[in-house]
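So the chains spell out like this:
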Amino acid sequence: KRMLPFFILMLPYLALFLLLIDNAGTIIQAVVTRNIGSLVSLIGFALGFVVIAIIVGLITLYLNTLVVENSKRYWQGSKEKGTQNASMHRLLSEERKAIKGTYFNAFIATVAVTVISFIAGMIPIIGGILGIIVGLIFFTYLPACVLNKTNGLKESYDIFMNNKLETFVFWIVFGVISIVFVLIAFIPAFIALFVAAGGSLVTALTTGAGFSAVFTAIKSNLLIVVIGGIISAFLLAFVTIFDTSARTMYYLQVSKKKH
């Protein structure tokens, strides 16, 4: 029940990916021949992807605010009453009243973190290290925005400054688990692509040529790719909820220590 809305939001990306495969031959030919008309169409496709990504991102952020509240009830309920409790069966839609008025703060904070992370990552040589530091500092900004309903960025900063080692260790473990989950989620899609490509992929990899035949083979077996993509989209929906829920759990633990 919690995964369904996130799964639905993954489907536009799957549709765009399938559309890209369906037009892969035309795109490759346009790039090779530098066909202006086709390149303009390709730019239009890219802009369409950006628009869809923004819309899906805004909706996903709202759903994540619901997940934060839902996770709070789950983690608090599982500690106080055991795992078999009513909070485990709450729908995300039931949390709308509790998170009312928090979306704007979450949106502004998300934009700020995105911009800061981008700027930090662009700095030569030390960009990667700064990106990690920014990620640690704002690790709990979303649950802070939703549950505390104040300045989530400042509270996330304070939590990191008061729990540097604990935050770093949790971030490492959380990152490893997340990477494993993401890799597992993409396995069905990769298997589907490999099966759809068939022998043409092996030929292309061994000879270094004939990649257009790979796209042709995949295009002719698109149903297999669709099935694999749907399974991967479902698993990625779980990864999204895991990410927000784990951050919320950590925020609740360190906030309790603070008080």
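Residues numbered from 1 in each chain as written. Predicted model: local features only at pLDDT ≥ 70, side-chain atom pairs only at ≥ 80, totals over all residues. Heavy atoms only, no water.

A. Region of the structure containing the overall build of the protein. Within the protein, the secondary structure is distributed over eleven helices and zero strands. Along the protein, helices (α) and strands (β) appear in the sequence α-α-α-α-α-α-α-α-α-α-α when read from the amino end. For the protein, with 259 residues in total, the buried portion stands at 35%. Here the contacts in the protein between residues at least 6 apart in sequence split such that 77% fall between residues at least 24 apart. Carbon together with sulfur atoms contributes 74% to the accessible area of the protein, which is approximately 14,800 Å² in total. (Helix = DSSP H or I, 4+ residues; strand = E, 2+ residues; numbered from the N terminus. Buried < 20%, exposed > 50% of the residue type's maximum accessible area, 1.4 Å probe, protein only. Contact = heavy atoms within 4.5 Å. Areas by Shrake-Rupley, 256 points an atom, 1.4 Å probe, with all protein chains shown as cover.)

B. View of the packing of helix α6 (residues 141–148) against helix α7 (residues 152–162). Remark: α6 packs on α7, axes separated minimally by 8 Å, with the N-to-C direction vectors making an angle of 125°. When the interaxial angle is binned, α6 and α7 end up oblique. Of the two elements, α6 crosses α7, and the hand of that crossing is right-handed. Only G152, L153, E155 and S156 of α7 make contact with α6, whose side of the interface consists of Y141, A144, C145 and N148. Across the contact of α6 with α7, the residue classes break down as four nonpolar, three polar and one charged. (Axes fitted to C-alpha atoms, helices over the stretch in contact; angles between N-to-C directions. Parallel < 35°, antiparallel > 145°, perpendicular 65-115°, else oblique. Left-handed = near helix turned anticlockwise from the far one by under 90°. Nonpolar A, V, L, I, M, F, W, Y, C, P; charged D, E, K, R; others polar.)

C. Layout of the environment of F107. Residue placement: F107 occurs in helix α4 (residues 103–122). Judged by its relative accessible area of 30%, F107 is partly exposed. Separated by 38 residues in the primary sequence, F107 and C145 have C-alpha atoms spaced 9.4 Å apart. Excluding its chain neighbours within four sequence positions, the residues that come into contact with F107 are L58 and L61.

D. Quick peek at helix α1 (residues 3–22). End to end, α1 covers 28 Å across 20 residues, agreeing with the expected 28 Å (1.5 Å per residue, within 8%). Restricting attention to buried positions, one finds in α1 the residues F6, F7, L9, M10, L14, L16, L18 and I21. (Expected span 1.5 Å × (residues − 1).)

E. Looking closely at the confidence of the model for the protein. Taken residue by residue, the protein gives an average pLDDT of 84. The fraction at 70 or more is 82%. The lowest-confidence element of the protein is helix α2 (residues 24–33), averaging 63 in pLDDT; the highest-confidence one is helix α8 (residues 164–197), averaging 94. (pLDDT = per-residue confidence, 0-100.)

F. View of the packing of aromatic side chains. All chains considered together, the criterion is met by 15 aromatic pairs. Between F139 and F170 the ring centres are 5.9 Å apart and the planes differ by 75°, which places this aromatic pair in the edge-to-face class. One end of the pair, F139, is in the loop between α5 (127–137) and α6; the other, F170, is in helix α8, and 31 residues separate them in sequence. Neither F139 nor F170 differs from the other in exposure class; each is buried. With centroids separated by 4.7 Å and ring planes inclined at 20°, the aromatic side chains of F170 and Y250 adopt a geometry described as stacked. Placement of F170 in helix α8 and of Y250 in helix α11 (residues 222–258) is noted, with a sequence separation of 80 residues between them. (Phe/Tyr/Trp six-rings, centres within 6.5 Å; stacked < 30°, edge-to-face > 60°.)

G. Seen up close, the nonpolar core. Of all hydrophobic cores here, the largest spans 31 residues; its most connected members are F6, F138, Y141 and L142. If you list the elements that add at least two residues to this core, you get α1, α3 (36–81), α4, α5, α6 and α11. L142 has contacts with L61, N64, T65, V68, A106 and T244, leaving out every residue within four places of it along the chain. Counting residues in each nonpolar core, the second largest holds eleven residues, with F139, I159, Y251 and L252 among its members. (Core = buried A, V, L, I, M, F, W, Y, C linked by side-chain atoms within 4.5 Å.)

H. Molecular detail of the side chain of T244. Turning to its location among the elements, T244 is positioned in helix α11. Taking relative accessible area as the criterion, T244 reaches 5% and is therefore assigned buried. Among all residues touching T244, those that are not within four sequence positions of it are N64, V67, V68 and L142.

I. Spotlight on the packing of α4 against α6. Running from N to C, α4 and α6 cross one another at 160°; their axes reach a closest spacing of 9 Å. Considering their axes alone, α4 and α6 lie roughly antiparallel with respect to each other. Judged by the sense of rotation from one axis to the other, the crossing of α4 with α6 is right-handed. Contacts from N105, A106, A109, T110 and V113 in α4 reach Y141, L142 and C145 in α6. Looking at side-chain class alone, the contact of α4 with α6 contains six nonpolar, two polar and no charged residues.

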